[in-house]
Amino acid sequence: MIKEIKKIYCVTNDVILQSIINHQLNKDFHVVFFDNFNSALDKIYNYYPDLIIVDLKKIFNLKMEFIKGFKQDPAYAKVPVLAICEDYLEKNIIEELNIDDFVLTKFMEKELLLRTSIAISKIERIVDVNPLTFLPGNITISKEIQKRIDNKELFALAYVDLDNFKPFNDKYGFSRGDEILKMLGRLVINTVRSKNRQNSFVGHIGGDDFVYIVDFEIAEEIGNDIVNYFNSIIPTFYDEPERSQGYIQSVDRQGRTQKFNIMKVSIGIAHTLYQTFKHYGEISSIATELKKFAKSQGGGCIKIDRRKPKHF
């Protein structure tokens, strides 16, 4: 997998400072320098940067206005800003500017690369977290799968999905549906941790789709536990009439009134026992295929890839 090169825009007309920054960062990042704010803004609004470094040593008030205006734009508010200054910044200035960190010029050669890496990784973690379950999202999930593939690890990837979640939302509303998603997130992570605390991972793709990555030997057992625990908990989210009859009436995607059984969980599990993958999308597509197969069988079950290549 080709590593994405992070883009850093640096606003300074100090030639010596540019040289130091370029020497420290150009091996790991793509650094673009701007002498003034206007040219920097033109570039920023056309090509989204991963970090902005601003030299605060000169024309301090003008640079403050630049950072404040940039951070007030909702589209760019989450782009981290690293300030370079001569003296320590007061707490009120940091809060007013909404900068993420600063580096003193006398410590540039020792700290710039470290603080740059921390600022970028911190904002990635913040952005790529599901706001409902606080679990890692798609970017982190993809990186985690690819890391294990690159390390040639034996692991299992499970895709977890709810059956009949949409009719529940239509019947009871999104707030109650959100409570189910939070419950499922807690259920998956607690089950995974109880069985495979070391070297495991849980993520939330979005909506009612979750993933977990565990040791191959324990993947199916964890899936069975999730299904059984979910079956015992989910009826409590329904009102008594629907809970007693075992279904709700709602409208399907074609506008027809249908009976929908109480929710279940479908899980598809792919693994690296028999296959070698190069890209996370390859193993993800198998897990997705198996999850769909589980749903087609009525849901509430696990389907694990048991296919062996001919040379096994």
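Residues numbered from 1 in each chain as written. Predicted model: local features only at pLDDT ≥ 70, side-chain atom pairs only at ≥ 80, totals over all residues. Heavy atoms only, no water.

Student: I keep staring at the pairing of strand β4 (residues 81-85) and nothing clicks. Help me out?
Tutor: Successive residues of a regular strand alternate their side chains across the two faces of the sheet. By the criterion of burial, β4 is predominantly enclosed, with 5 of the 5 residues buried. Sheet topology places strand β3 (residues 51-55) next to β4; 4 bridges connect them, and they run parallel. If you follow Val 54 over to β4, its bridge partner there is Ala 83. Pairing geometry for β4 and strand β5 (residues 101-104), over 4 bridges, is parallel. Of the residues in β5, the one forming a bridge with Leu 82 is Asp 101. (Buried < 20%, exposed > 50% of the residue type's maximum accessible area, 1.4 Å probe, protein only. Helix = DSSP H or I, 4+ residues; strand = E, 2+ residues; numbered from the N terminus. Pairing = 2+ DSSP bridges.)

Student: Looking at this structure, how should I read the packing of helix α6 (residues 138-150) against helix α11 (residues 280-296)?
Tutor: The axes of two packed helices give the description: the angle between them and the distance between them. Where α6 contacts α11, the two axes come as close as 9 Å, and the packing angle between them is 110°. It follows from the interaxial angle that α6 and α11 lie roughly perpendicular. Considering only the axes of α6 and α11, their crossing is right-handed. In contact with Ser 142, Ile 145, Gln 146 and Ile 149 of α6, α11 contributes Tyr 280, Ile 283 and Ser 284. Its residues assigned to classes, the contact of α6 with α11 shows 4 nonpolar, 3 polar and no charged. (Axes fitted to C-alpha atoms, helices over the stretch in contact; angles between N-to-C directions. Parallel < 35°, antiparallel > 145°, perpendicular 65-115°, else oblique. Left-handed = near helix turned anticlockwise from the far one by under 90°. Contact = heavy atoms within 4.5 Å. Nonpolar A, V, L, I, M, F, W, Y, C, P; charged D, E, K, R; others polar.)

Student: What's the story with the nonpolar core in this structure? I'm lost.
Tutor: One recurring pattern in soluble globular proteins: nonpolar side chains tend to sit buried together. Core analysis: the biggest nonpolar cluster contains 38 residues, and Tyr 212 and Ile 267 have the highest contact counts within it. A per-element tally of this core places helix α8 (residues 174-196) first, with 8 residues. If you look at the next biggest cluster of nonpolar residues, it comprises 23 residues, including Phe 34, Ile 52, Ile 67 and Val 81. (Core = buried A, V, L, I, M, F, W, Y, C linked by side-chain atoms within 4.5 Å.)

Student: What is the right way to look at the pattern of salt bridges in this model?
Tutor: Think of it this way: side chains of opposite charge can pair up when their charged atoms draw near. For the structure on display, the rule yields 19 salt bridges. When the shortest N-O distance is used, the salt bridge between Glu 111 and Arg 115 registers 2.8 Å. Residue Glu 111 and its partner Arg 115 are located together in helix α5 (residues 108-127), separated by 4 residues, close to a single helical turn. Of the residues examined, Glu 111 reaches a relative accessible area of 23% and is grouped as partly exposed. Looking at Arg 115, the relative accessible area reads 25%, which means it is partly exposed. Where Lys 295 meets Asp 161, a salt bridge forms, and the shortest distance between an N and an O atom there is 3.2 Å. (Salt bridge = Lys/Arg side-chain N within 4 Å of Asp/Glu carboxyl O.)

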